[in-house]
Amino acid sequence: MNIFAVYKDLVLAQVAALVSEGSLPDGLDTGRLTVEPPRDPSHGDMATNAAMVLAKPAGLKPRDLAERLAARLATISGVTAAEVAGPGFINLRLSAAIWIGCLRDCLRAGPGYGDSRMGNRRKVNVEFVSANPTGPMHVGHARGAVVGDVLAALLEKAGFRVTREYYINDAGAQVDALARAAHARYLQALGRLSDDDLAGMLARKDLEYGGDYLVPVGQALAERVEDQYADAPEAQWLEPVRDLAVEMMLDRIRDDLDALGVRFDVFTSERGLVAAGRVDGTLAWLEEQGLIYTGVLEPPKGKAPEDWEPRPQTLFRATDYGDDVDRPVRKSDGSWTYFAGDMAYHRDKVERGFEELINVFGADHGGYVKRLQAVVKAVSDGRATLDVKLCQLVKLLDRGEPVKMSKRAGTFVTLRDVVDRVGKDVVRFIMLTRKNDASLDFDFAKVTEQSRDNPVWYVQYAHARACSVLRHAGEVFPGRDLSPAALADGPLEVLDAPEDLEVVRVLAGWPRLVESAAEAHEPHRVAYYMAEVAGAFHGLWTKGKDDTELRFLIPEDETRSLARLALVQGVATVIASGLQVFGVQPVEELR
RNA sequence: GCGCCCGUAGCUCAACUGGAUAGAGCAUCCGCCUUCUAAGCGGACGGCUGCAGGUUCAAGUCCUGCCGGGCGCGCCA
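Along each chain, numbering runs from 1 in the same order as the chain's sequence is written. A letter from A marks each chain and a number from 1 marks each ligand, given out in the order of writing. Per-residue local features are limited, in this predicted model, to residues with pLDDT of at least 70; the limit for side-chain atom pairs, both in listing and counting, is 80 or more; totals at the level of whole chains, interfaces and linings are taken over all residues. Only hydrogens and water are removed before side-chain values are computed, so all heavy atoms of the structure are retained for them.

An unreviewed UniProt entry lists chain A under the name Arginine--tRNA ligase, with Roseospira navarrensis given as the organism. UniProt's Subcellular location (unreviewed entry) comment on chain A is quoted here verbatim: "Cytoplasm". Quoted straight from UniProt, the Subunit (unreviewed entry) entry for chain A says "Monomer." UniProt positions are given in the numbering used here, feature names are shortened, and annotations may be inferred rather than shown by experiment.

Have a look at this one:
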């Protein structure tokens with residue numbers, strides 16, 4: 001339960017009361033009315049801008065309206081003070097009992113605390129990773145994978161029904177190039193191609209993919225078909241070799257994603273869409289809508305492409321839906337462009353009943369966003385929306401020094417390398433310590449360091465510390481039921497110290513944070529919030545060093561101890577809840 | 001040339017979709033361990049939010065124009 005949403009409803013009810021008594025005109029827009037924690041804690045527990053938002057359309061002075069509304073708000077149960085401040089804010093102070101109630105909710109809900117019905121079971125489609133099946137994934141893919149997976153989990157927690165999808169780019173020139181490289185490895189496995197020959201082909205760019213990861217594909221081929229494809233023309237082997245290579249690459253990608261703790265509900269094959277006639281169908285439909293035509297595009301200005309010459313192309317009227325230019329859907333050889341496949345895929349998503357689509361892409365796909373949004377609008381008659389989260393670069397470092405990566409030198413760092421080196425939990429958490437559109441430093445030394453400036457460790461330490469107190473409590477109060485449920489039923493009103501209540505308030509903010517982060521599609525906010533919880537807890541801990549009254553365990557005062565243990569349990573619960581969204585295992589003890 | 005993203009303390013970054021006096025960490029300086037994990041905590045220092053206008057009760061946030069950085073720009077995916 002989001003306590004701020006609860007009080008927003010109460011404020012809205014009082015606004016409605018002012019309307020019905022004639023103090024306010026009917027039909028006011030309350031859409032911009034907010035109830036939120038003030039930045040400055042001295043302003044109270046909650047602040048509302050109601051009077052400022054409503055004053056102008058109501059023809060009133062903000063402060064006058066604020067006074068009238070504040071008088072009513074002061075009568076609401078749980079509100080101990082409602083003061084007008086600044087340009088017309090109303091600051092509310094809530095009784096400690098309200099916050100204690102939040103803590104009880106938290107303990108009873110466990111890691112499910114913060115679950116929301118905001119999404120109202122609406123379907124959301126999150127497409128992410130969608131890495132080409134032409135090789136192993138690198139760290140950049142890891143970021144997209146984590147952002148997508150955790151965004152999906154966050155939306156689920158906020159009450160949406162989420163489908164995680166991966167689009168397989170298995171049509172087009174890239175996978176043909178993969179097939180040729182796999183075939184070379186096959187010849188190598190048969191002993192028909194020397195290492196030098198292979199190196200020569202790579203150097204001449206006759207082969208695009210030279211990584212060792214294709215060696216097993218070549219061997220598998222050699223075992224299955226022996227020398228059947230050795231002297232055969234490309235037309236004979238390209239397809240079967242390609243299919244096997246793609247399948248093996250996908251197996252590896254799935255394994256790597258699994259190691260990172262990422263799973264998908266749906267894999268959609270581009271080739272499959274084409275084969276099923278979905279691309280033809282989509283284009284035919286668009287043509288019926290008058291959205292396909294043959295035309296000649298202007299050259300991009302200022303860029304002066306040397307080989308540019310005007311030629312007629314089959315184009316989609318993306319400009320009708322906000323794109324900058326119309327986009328080609330067919331290549332000159334008659335086959336579909338990549339974009340045509342993506343049009344069919346997004347139409348497919350819409351036809352499966354999704355009206356909220358999210359794609360997680362690398363930042364280099366930024367130029368692709370508008371045309372996809374245009375497609376989504378076109379095929380859904382404007383009902384569906386597409387939000388694209390562009391993930392910036394991950395810079396790999398070690399002790400501040402950039403990790404040099406080169407495919408040729410074999411020093412390329414794959415997703416698997418990183419996961420194997422620091423563990424999936426660290427990778428997942430660190431990937432969320434920046435906004436998706438900001439570049440991110442991933443320093444091998446720092447992310448495993450046990451210090452304040454390693455957010456993973458800092459948060460885990462808080463959780464472990466909380467667990468440590470709870471373990472210790474079992475020894476101090478043997479035989480006592482210290483389960484969260486039992487703690488929740490205790491006389492928590494004794495938590496009257498401002499220092500205690502401050503932490504309780506932070507914990508009570510979790511449901512609100514879940515909703516706002518989910519709405520904004522910004523999972524990184526959860527990381528910052530967890531760091532805040534950890535900081536509040538570490539601070540309270542240390543205060544117990546100076547002031548024994550603030551210690552969690554006071555052997556001679558069992559009542560107070562149990563109440564504080566409830567608070568400690570609350571900290572552990574909220575952190576565990578946040579880590580659950582992240583797909584990270586909470587640590588109960590530091591080694 | 002056009003489009004998208006970004007520009008906030010010396011450094012790395014927040015800022016709850018427009019709220020009050022812009023916040024953390026690192027670095028620097030000063031404090032706190034016979035007591036639940038000091039692997040931590042508290043305090044000080046640090047700002048014309050790139051620049052200039054505009055919108056309004058209110059702008060880091062929205063609009064316009066510049067400056068600077070990244071990405072992209074007709075049959076690659």
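There is more to say after this.
Undergrad: Quick question: what am I supposed to make of the packing of helix α11 (residues 278–288) against helix α12 (residues 338–351) here?
TA: Each pair of packed helices can be described by the angle between their axes along with the distance between the axes. At their nearest, the axes of α11 and α12 sit 9 Å apart, and the two run at 85° to each other. The pairing of α11 with α12 is recorded here as roughly perpendicular in orientation. Contact residues: Arg278, Val279, Gly281, Thr282, Leu283, Trp285 and Leu286 in α11; Ala340, Gly341, Met343, Ala344, Arg347, Asp348 and Glu351 in α12. Split into classes, the residues belonging to the contact of α11 with α12 amount to seven nonpolar, three polar and four charged. Axis angles are defined between N-to-C directions and span 0 to 180 degrees, where every axis is a line fitted to C-alpha atoms and, for a helix, only to the segment in contact. In this description a helix means any DSSP run of H or I spanning at least four residues, a strand means any run of E spanning at least two, and both kinds are numbered starting from the N terminus. Any angle between 65 and 115 degrees counts as roughly perpendicular, while under 35 counts as roughly parallel, over 145 as roughly antiparallel, and the rest as oblique. The contact rule is simple, with two residues in contact once any of their heavy atoms fall within 4.5 Å. Three classes are used, and their members are as follows: Ala, Val, Leu, Ile, Met, Phe, Trp, Tyr, Cys and Pro are nonpolar, Asp, Glu, Lys and Arg are charged, and the others, Gly among them, are polar.

Undergrad: Mind showing me how you'd approach the pattern of salt bridges here?
TA: A side chain of one charge can pair with a side chain of the opposite charge when the charged atoms of the two come close. A carboxyl oxygen of Asp or Glu within 4 Å of a side-chain nitrogen of Lys or Arg is what we treat as a salt bridge. For the coordinates displayed, the defined rule picks out 41 salt bridges. With a shortest N-O distance of 3.2 Å, Glu355 and Arg383 are connected by a salt bridge. Of this pair, Glu355 sits in the loop between α12 and β11 (356–362) while Arg383 sits in the loop between α13 (369–380) and β12 (385–391), and the two are 28 residues apart along the sequence. Partly exposed describes any residue whose relative accessible area lies between the buried limit of under 20% and the exposed limit of over 50%, with all areas from a 1.4 Å probe on protein chains only and scaled to the type maximum. Note on Glu355: relative accessible area 40%, which makes it partly exposed. As a salt-bridge pair, Arg480 and Glu558 come within 2.5 Å of each other at their nearest N and O atoms. Within this pair, whereas Arg480 is found in the loop between α17 (455–476) and α18 (484–488), its partner Glu558 is found in helix α22 (residues 558–582), the two being separated by 78 residues in sequence.

Undergrad: What is the right way to read the protein's contact with RNA strand B from this model?
TA: The criterion for a residue being near a molecule or strand is simple. One of its heavy atoms has to lie within 4 Å of it. If you check the shell around RNA strand B, you find 75 residues, and the closest are Lys331, Ser332, Gln450, Trp457 and Arg512. Taken together, the sugar and phosphate atoms account for 58% of what RNA strand B places within 4 Å of the protein. N or O atoms closer than or at 3.5 Å make up a polar contact, with two conditions inside protein: a donor-capable atom paired with an acceptor-capable one, and, for residues adjacent in sequence, both atoms drawn from side chains. Contacts to RNA strand B include Asn132, whose side-chain N or O atom sits 2.5 Å from a sugar or linking oxygen. For the surface near RNA strand B, the secondary-structure elements that each account for two or more residues are α2 (50–58), β4 (89–94), α6 (173–189), α17, α20 (510–520) and α21 (524–546). Of the residues forming the surface near RNA strand B, the biggest block, 10 residues, is contributed by α21. Considering only residue class, the surface near RNA strand B consists of 25 nonpolar, 24 polar and 26 charged.

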